[in-house]
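Now for the letters of each chain:
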Amino acid sequence: MSIASGTRGRHLTRRLVQLYVGLTLYGISSALLVLAGLGLEPWGVLHQGLAERTGLTIGVVSIVVGAVVLLLWIPIRQRPGLGTVSNVFVIGLAMDGTLALVPEIHGLPARIALLALGIVLNGVATGLYIAARFGPGPRDGLMTGLHRLTGRSIRLTRTLIEIAVVTTGFLLGGSVGVGTVLYALSIGPLAQFFLRFFAVPEATADAAPENTADAAPGTTAVGAPDATPGPGAVDAAVAPASPEGAILRR
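The rules we used
Residues numbered from 1 in each chain as written. Predicted model: local features only at pLDDT ≥ 70, side-chain atom pairs only at ≥ 80, totals over all residues. Heavy atoms only, no water. Axes fitted to C-alpha atoms, helices over the stretch in contact; angles between N-to-C directions. Helix = DSSP H or I, 4+ residues; strand = E, 2+ residues; numbered from the N terminus. Parallel < 35°, antiparallel > 145°, perpendicular 65-115°, else oblique. Left-handed = near helix turned anticlockwise from the far one by under 90°. Contact = heavy atoms within 4.5 Å. Nonpolar A, V, L, I, M, F, W, Y, C, P; charged D, E, K, R; others polar. Phe/Tyr/Trp six-rings, centres within 6.5 Å; stacked < 30°, edge-to-face > 60°. Buried < 20%, exposed > 50% of the residue type's maximum accessible area, 1.4 Å probe, protein only. Expected span 1.5 Å × (residues − 1). Bend = angle between axes of the 7 residues up to and from the residue. Salt bridge = Lys/Arg side-chain N within 4 Å of Asp/Glu carboxyl O.

Draft legend 1. View of the packing of helix α2 (residues 42–54) against helix α8 (residues 154–172). Axis separation between α2 and α8 bottoms out at 7 Å; the angle between their running directions is 30°. If you check the angle between α2 and α8, you find them roughly parallel. The two elements α2 and α8 cross, and the hand of that crossing is left-handed. Every residue of α8 that contacts α2 at Pro42, Trp43, Val45, Leu46, Gly49, Leu50, Glu52 and Arg53 is listed here: Ile161, Glu162, Val165, Val166, Thr168, Gly169, Phe170, Leu171 and Leu172. Looking at the contact of α2 with α8, its residues break down into 11 nonpolar, 3 polar and 3 charged.

Rendered as structure tokens:
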């Protein structure tokens with residue numbers, strides 16, 4: 001998917017709203033996990049560790065890491081979409097904005113509540129922005145690109161990447177705790193549910209891409225008409241190796 005692809009069609013306005021609301025909520029949810037102080041999601045651990053070492057804000061670190069990961073797409077021949085580029089900037093800005101506005105939380109019950117809210121909101125955000133179908137985030141694209149190149153399963157590829165990320169982040173000073181474990185156990189089912197809940201009607205099956213060679217697996221043909229999917233159509237329309245497929249099979 002190129003940056004320009006997928007930016008036409010009957011549901012464009014809804015998809016754009018979903019994309020940017022989802023990315024903003026993702027940044028907010030990540031900030032809530034930081035404020036809870038009970039452990040972060042895997043990439044959040046790395047971002048926090050790097051922020052501790054560099055003196056940069058965690059949102060700025062998130063943007064820098066996202067950009068670096070996006071550069072890794074070049075050798076593995078992944079192509080970004082609008083959502084990919086937006087992911088790099090919007091999440092980091094939303095994180096820093098939330099951390100600047102929300103006061104520090106004290107007391108274990110309040111921190112536990114904040115952790116739970118952050119995890120659920122993260123699931124909502126993931127469903128929103130991935131269902132918008134504007135391309136995967138840099139980190140998801142790295143996962144699916146390596147899966148395609150190595151032939152290893154999505155689950156194994158994701159696990160190895162996140163173990164490396166968490167370990168590196170922890171060694172740098174990032175926060176690993178009960179929240180990290182709860183996130184790992186719950187984000188899959190939550191994202192799966194909300195991805196289906198927010199699914200935008202996919203293109204009709206008989207609408208071929210204008211240039212078949214340029215169409216990425218699991219992406220909508222440019223200018224293809226949309227149709228309301230029937231029961232189970234969301235699963236059927238999702239390519240197994242796509243980020244959407246990875247979420248559905250977490």
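So, next bit.
Draft legend 2. Representation of the packing of aromatic side chains. Here the structure, examined in full by the defined rule, presents 5 aromatic pairs. Judged by centre distance (6.0 Å) and plane angle (20°), the rings of phenylalanine 193 and phenylalanine 197 are stacked. A residue pair is termed a helical-turn pair when its members lie 3 or 4 positions apart in one helix, as phenylalanine 193 and phenylalanine 197 do in helix α9 (residues 178–197) at 4 residues. The exposure class assigned to phenylalanine 193 is partly exposed, which follows from its relative accessible area of 48%. Centre to centre, the rings of phenylalanine 194 and phenylalanine 198 are 6.0 Å apart; their planes meet at 20°, and the pair counts as stacked.

Draft legend 3. Looking closely at helix α5 (residues 82–101). Here α5 spans 28 Å end to end across 20 residues, near enough to the 28 Å set by a 1.5 Å rise per residue. The largest bend in α5 is about 30°, located at valine 88. Inspection of α5 places Leu82, Gly83, Thr84, Ser86, Asn87, Val88, Val90, Ile91, Gly92, Ala94, Met95 and Thr98 among the buried residues, and these make up the whole buried set.

Draft legend 4. Highlighting the pattern of salt bridges. Applying the stated criterion to the full structure yields 2 salt bridges. Residues aspartate 140 and arginine 158 are paired through a salt bridge, measuring 3.9 Å at the closest nitrogen-oxygen approach. Here the residue aspartate 140 occupies a position in helix α7 (residues 138–150), and arginine 158 occupies one in helix α8, the gap between them amounting to 18 residues. The class for aspartate 140 is buried, based on a relative accessible area of 11%. The closest approach of N and O atoms between glutamate 162 and arginine 158, which form a salt bridge, is 3.1 Å. With glutamate 162 and arginine 158 both in helix α8 and 4 residues apart, this pair spans about one turn of that helix. With a relative accessible area of 18%, arginine 158 lands in the buried category. Through salt bridges with shared partners, a single ionic network connects Asp140, Arg158 and Glu162.

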